[in-house]
Each structure stands twice: as structure tokens, then as C-alpha cells.
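# Overview (structure and organization)
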Amino acid sequence: MNTSAALTAAQERFALRNPRSQEQHLTATKSLPGGNTRTLLHTSPFPLTIASGDGAHLTDIDNHTYLDLTGELSAGLYGHNHPLIRQTLLSTFDNVGLTLGGNTIQEAKYASLLCERFKLDRVRMTNSGTEANLHALAGARRFTGKKLVVVFEGGYHGAVLSFPTQEKQPNTVDKDDFVVLNNYNNAKAARREILELEGHLAAVLVEAMQGAGGCIPATREFLHAVQEAAKEAGALFILDEVMTSRLAPHGLGHEMGLKPDMVTMGKYLGGGLAFGAFGGREDVMAVYDPRVEGSLAHSGTFNNNTLVMHLGYAALKDIFTPEVSVEFNARADLWRERLQDVAKGTRLTFTGRGSLMGLHFTDDGINAAEVLSVADLQGRQRADLRDLFWFEMLEEGYWITRRGFVALILQTTDEELEGFVDAVKRFLDRHEGIMKI
């Protein structure tokens with residue numbers, strides 16, 4: 001069977017298996033544009049509707065259960081009903097209350113923990129990684145008195161700060177203030193282009209591993225070159241760790257020996273609720289000190305929401321300890337290596353680091369070590385094979401994003417991970433004619 005026929009058959013089975021989700025999608029379109037309020041979750045011919053989650057598993061409204069390998073795009077690290085998070089949520093509700101409208105002891109406790117864990121002098125909370133990056137950039141512009149910001153092709157720093165190509169997206173804020181470089185992981189070229197902007201540059205904003213770009217890890221050489229170039233150009237070096245802070249005990253930047261001026265974070269650090277944070281050097285963060293005349297305002301009704309402050313603190317302190325981070329990511333690395341072994345000689349490639357992983361389908365089956373930037377994948381990816389894989393993994397009982405992003409949940413067992421390896425092997429065997437190089 002050729003790819004087109006296999007994909008058509010998989011789509012037909014998908015529709016037959018999920019009549020309630022199809023009906024729910026049509027209902028949702030009557031009140032939501034396109035039937036949802038989060039673009040990423042839309043899939044054709046219609047998205048599945050999830051009814052519930054338990055541990056590392058999800059159940060849809062057609063009563064199919066899946067191993068959750070999406071992990072809420074890295075925010076779902078703790079699973080769907082961790083007992084400590086449930087206990088903390090109820091205790092906070094019963095003994096503290098919601099939206100108190102004033103400063104609390106807990107926000108200072110959580111800030112102290114974040115500073116200690118991620119080696120920050122000062123930190124401020126937001127409601128998302130997008131907000132964290134927006135406020136970090138505003139702070140950098142105030143601190144330096146400059147406007148331009150260097151980002152990299154393939155970078156994602158939030159809903160209105162997405163740079164999949166050098167062409168800026170229609171919803172990018174302050175478009176003219178961004179310089180998009182196409183040399184991620186090219187230390188010499190990045191350094192040269194950053195220094196050419198000396199005197200005009202407020203910040204260089206970069207991910208230690210591009211998440212939405214396909215889980216492409218940065219090399220140590222590249223990140224240190226960017227850090228030093230930013231310093232020489234008089235700009236702040238901002239490390240986006242919204243996803244990658246979970247990849248090492250003190251964040252991936254610390255693991256790689258970096259000393260960023262500012263760090264942005266979010267996702268899992270809310271303990272399952274909406275959260276973001278930005279922090280860094282004391283003198284830089286002082287631009288947000290309300291005791292100083294002329295300081296920048298940083299408002300947000302839910303910045304110190306009691307539920308988030310208590311859940312985030314409890315989860316980071318007592319669940320995702322530094323020791324757990326090391327063990328969890330090491331286990332995930334071994335799992336990815338197993339998948340890479342199974343996929344050898346096929347059009348499927350796995351990239352990533354630790355508990356975050358990307359899947360890529362290319363005509364030549366590019367080696368993971370050769371994927372250093374999104375440019376290495378442009379014009380080579382096979383969307384039809386990726387879609388076929390997604391449909392058939394759903395049938396096998398695995399929930400991943402259609403674009404091929406995987407984020408592991410702590411409760412996932414070794415047996416379940418090995419089960420996915422077996423499912424991938426079955427897919428490759430079943431479609432040997434179109435998958436083998």
C-alpha cells in the first residue's frame with residue numbers, strides 16, 4: 001500500500017472510531033472560532049475531545065484510553081491527579097482561600113525556592129511563558145536603553161513571539177524590533193551577526209533547546225558564543241527555559257555552564273496551573289522594583305494567585321526534586337536511544353534531550369546528530385508520513401502531538417515506555433515499503 005492509500009485508510013478508521021468527538025467538534029464550532037480556543041490543539045478532520053485524565057493516561061469521549069506522551073507540551077510533568085497536588089489544592093482552598101488581592105507569605109516562599117533552584121538573584125511571576133518573555137524583553141529594553149532583540153529561526157518564545165522562519169509571523173508583537181538570525185548552532189556566524197548590531201541591541205533571546213522547532217538541542221559552543229557576543233555588544237543574554245528548566249536539576253543553562261542575565265520559565269512550574277516567571281541579575285530585575293521612581297509596572301491579577309503559589313511550590317520542592325530530575329531525564333535519554341535504534345535505516349528520526357523529544361520524518365532519514373537547526377529539516381520533512389504515524393499511534397493507544405512533540409510525565413512506567421517502542425517497531429514493520437530507506 002502506498003502512503004496516500006495508507007493515510008486515507010487511517011483517516012477513515014479515525015472517523016469511524018470517534019463519532020462523539022466529531023459531533024462535539026461541530027457543537028464547539030457554534031461558539032468557538034474553529035471549535036477551540038487553542039490553535040495547536042486543532043487537527044483535521046476533527047480533534048479528539050478528552051473526557052478525563054488519570055496519572056499518565058487520558059480517556060476521550062469515545063471511551064478510548066491513551067498513554068499521555070504529550071504531557072501538556074511539557075507543562076503536564078506531574079500528570080493529571082498527583083496526590084500531593086490534590087492535597088495541596090484542597091488545603092489551600094480550605095485554609096487560605098482564592099485571589100486574596102494582597103501580598104502573601106507564599107509568594108515570597110515560592111520566589112525564594114525558584115531563586116535557589118535556578119540560581120537567580122530576583123524573580124517575578126506571570127501567568128504564562130509568553131508573558132514571562134514579554135516582560136523580560138521590556139525589562140531588557142529599559143535596562144539597556146536599546147530596542148532591538150536577536151532571536152533565532154525555529155525559536156518559540158510565546159504565542160506572539162514565534163519565529164518558525166526568518167519571516168516574522170502576522171501576530172508577532174513589535175515586529176520591527178526583532179532580528180531573526182538563521183544560524184542556530186552556528187557559533188561563528190551568530191557571534192559575527194550579533195556583534196554587527198553593537199550599540200543597537202537590547203537583548204539576545206535564545207532557547208537552550210528549541211522546543212517548538214523540533215526539540216533541537218543547542219551545542220555548548222554555540223550558547224557560550226552567543227552569551228559572550230551579547231555581553232560584548234552591550235546586550236543582555238536572556239535564556240528561555242520555559243520548557244528546558246525541567247531537563248536538569250537547576251535548569252539546562254546551568255547544566256551547560258551558562259550565566260544568563262535573565263531567565264524565563266513557566267509550564268510545569270505552576271504545578272498544573274497557569275504560570276510563568278522571569279528572573280536574573282539583581283540590577284537588571286531592579287527595573288521592576290516599585291519602590292524606585294520611574295520603574296516599569298508589572299501588573300497581573302493572577303501573578304500571585306494563591307493556588308498557583310502553593311501548588312507550584314509543593315510540586316517543585318517535594319515532587320520534582322533535583323535527584324528526581326536527574327533520574328527522570330536519564331531514563332528518558334535511554335528511552336530515546338532505544339527509539340533511535342529501532343528507527344535506524346528508516347525515514348523516522350528522533351531528536352531531543354531528556355524528557356522532551358521530537359519526531360521527524362524525512363525522505364533520507366536524517367541522522368539526529370545532523371539536525372542542528374530547522375534549516376536542516378526544511379524541504380525534507382514528510383508531513384504525510386508524520387500524519388500517518390499520528391493516526392496509527394492513536395489506534396495503538398498513544399497520545400502525542402500531531403507535529404511530533406513528546407513530553408514525558410513522571411508517572412510513566414518503564415513498561416509503558418517500552419510499549420511505545422514496540423508500537424513504533426510495528427508501525428515501521430507494517431509500512432516497511434514506504435518507511436525503509
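Provided above is the structure to which this section pertains.
Cut-offs and rules
- Residues numbered from 1 in each chain as written.
- Predicted model: local features only at pLDDT ≥ 70, side-chain atom pairs only at ≥ 80, totals over all residues.
- Heavy atoms only, no water.
- Axes fitted to C-alpha atoms, helices over the stretch in contact; angles between N-to-C directions.
- Helix = DSSP H or I, 4+ residues; strand = E, 2+ residues; numbered from the N terminus.
- Left-handed = near helix turned anticlockwise from the far one by under 90°.
- Contact = heavy atoms within 4.5 Å.
- Nonpolar A, V, L, I, M, F, W, Y, C, P; charged D, E, K, R; others polar.
- Pairing = 2+ DSSP bridges.
- Core = buried A, V, L, I, M, F, W, Y, C linked by side-chain atoms within 4.5 Å.
- Buried < 20%, exposed > 50% of the residue type's maximum accessible area, 1.4 Å probe, protein only.

### As for the packing of helix H1 (residues 3-17) against helix H12 (residues 383-396)
H12 packs onto H1 with a crossing angle of 35 degrees between their chain directions and a minimal axis gap of 9 Å. Crossing geometry of H1 relative to H12 is assigned as left-handed. Of the residues in H12, those touching H1 at Thr3, Ala6, Leu7, Ala10, Gln11, Arg13, Phe14 and Arg17 are Asp384, Leu385, Asp387, Leu388, Trp390, Phe391, Glu392, Leu394 and Glu395. For the contact of H1 with H12, the residue count by class is 9 nonpolar, 2 polar and 6 charged.

### Considering the sheet that holds strand E5 (residues 148-152)
Pairing is mixed in the open sheet, where 7 strands are placed in the order E4-E14-E13-E12-E9-E5-E8. Looking at which strands have only one partner, the edges of the open sheet turn out to be strand E4 (122-126) and strand E8 (178-181). In this sheet, neighbouring strand axes are inclined to one another by 20 degrees on average, regardless of whether the strands run parallel or antiparallel. Note that E5 and strand E9 (residues 201-207) share 3 bridges and pair parallel. Residue Leu148 lies in a different strand from E9, and its bridge partner there is Leu201. Along the sheet, helix H5 (residues 129-144) makes contact with E4, E5, E8, E9, strand E12 (236-240), strand E13 (262-266) and strand E14 (276-280), crossing E9 at roughly 150 degrees. Together, E5, E8 and E9 form the strand contacts of helix H6 (residues 187-195), whose direction differs from that of E8 by roughly 160 degrees.

### Some words on the nonpolar core
Of all hydrophobic cores here, the largest spans 70 residues; its most connected members are Tyr110 and Trp335. Ignoring anything within four residues of it in the chain, the contact list for Tyr110 reads Met125, Leu269, Phe275, Val308, Met309, Gly312, Tyr313 and Leu316. Listed in part, the 38 residues of the second largest apolar core include Cys215, Ile216, Val374 and Leu377.

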